[in-house]
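Each chain, letter by letter, is given below.
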Amino acid sequence: MVRFQRLALLALPFIPAINAGPIAYGICQTGCNAVAVACYAGAGFTFGTITAGVGIPAAIVACNAALGTCSAACASVTLLAPTP
């Protein structure tokens, strides 16, 4: 057991640091989706019930574009943030 502990301590400097922020990413995505739900509700629709097609309202297109922008910002910011 002692030998394993020494070996583990010697290996620690060679283990790469974790720089991903999966918890922050999940929180950020949840915020983006909550805003999208509110956007849909403001336009009089229910999030997740509209299929992409020719007749979708411009407000829904704007909500989807905002959701995509927010999700991309989450990926580019939070996944590179250090995890405490």
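All figures in this text were calculated on a predicted structure; none of them were measured in a lab.

Caption draft 1: Looking closely at the packing of helix 2 (residues 22–42) against helix 3 (residues 58–78). In the contact formed by helix 2 and helix 3, the axes pass within 9 Å of each other and the chain directions differ by 170 degrees. Taken together, the axes of helix 2 and helix 3 are roughly antiparallel relative to one another. Packed against helix 2, whose contacting residues are Ala 24, Tyr 25, Cys 28, Gln 29, Cys 32, Asn 33, Ala 36, Cys 39 and Tyr 40, the element helix 3 presents Ile 60, Cys 63, Asn 64, Leu 67, Cys 70, Ser 71, Cys 74, Ala 75 and Thr 78 at the interface. Considering only residue class, the contact of helix 2 with helix 3 consists of 13 nonpolar, 5 polar and no charged.

Caption draft 2: Geometry of the environment of Val 37. Along the chain, the position of Val 37 falls in helix 2. Separated by 11 residues in the primary sequence, Val 37 and Gly 48 place their C-alpha atoms 8.7 Å from one another.

Caption draft 3: Region of interest: helix 2. Between the first and last C-alpha of helix 2 there are 30 Å, a value that for 21 residues agrees with the 30 Å anticipated at 1.5 Å per step. Within helix 2 the residues assigned to the buried category are Gln 29, Cys 32, Ala 36 and Tyr 40. Viewed end-on, helix 2 has its buried residues packed into an arc of 80 degrees, placing them on one side of the element. Exposed residues on helix 2 whose side chains face more than 90 degrees from its buried face are Ile 23, Ile 27, Thr 30, Val 35, Ala 38, Ala 41 and Gly 42. Buried-residue contacts for helix 2 involve helix 3.

Caption draft 4: Representation of the state of the cysteines within the structure. Under the definition given, this model contains 3 disulfides. Residue pairing for Cys 28: its cysteine sulfur links by disulfide to Cys 74, the two sulfurs lying 1.9 Å apart. Here the S-S torsion is close to -80 degrees, and the disulfide linking Cys 28 with Cys 74 is therefore left-handed. Here Cys 74 lies in helix 3 and Cys 28 lies in helix 2, a separation of 46 residues in the sequence. Note that Cys 39 is cross-linked by a disulfide to Cys 63, the S-S spacing being 1.9 Å. Negative torsions about the S-S bond denote left-handed disulfides, and the value of about -80 degrees found for Cys 39 with Cys 63 makes this one left-handed. In this pair, Cys 39 sits in helix 2 while Cys 63 sits in helix 3, placing the two residues 24 residues apart along the sequence. What makes Cys 39 partly exposed here is its relative accessible area of 32%. Owing to a relative accessible area of 2%, Cys 63 belongs among the buried residues under this scheme. Sequence-ordered numbering of the bonded cysteines in the chain yields a pairing of 1-6, 2-5, 3-4.

What counts and how
Residues numbered from 1 in each chain as written. Predicted model: local features only at pLDDT ≥ 70, side-chain atom pairs only at ≥ 80, totals over all residues. Heavy atoms only, no water. Axes fitted to C-alpha atoms, helices over the stretch in contact; angles between N-to-C directions. Helix = DSSP H or I, 4+ residues; strand = E, 2+ residues; numbered from the N terminus. Parallel < 35°, antiparallel > 145°, perpendicular 65-115°, else oblique. Contact = heavy atoms within 4.5 Å. Nonpolar A, V, L, I, M, F, W, Y, C, P; charged D, E, K, R; others polar. Expected span 1.5 Å × (residues − 1). Buried < 20%, exposed > 50% of the residue type's maximum accessible area, 1.4 Å probe, protein only. Arc of directions from axis to C-beta. Disulfide = S-S within 2.5 Å.

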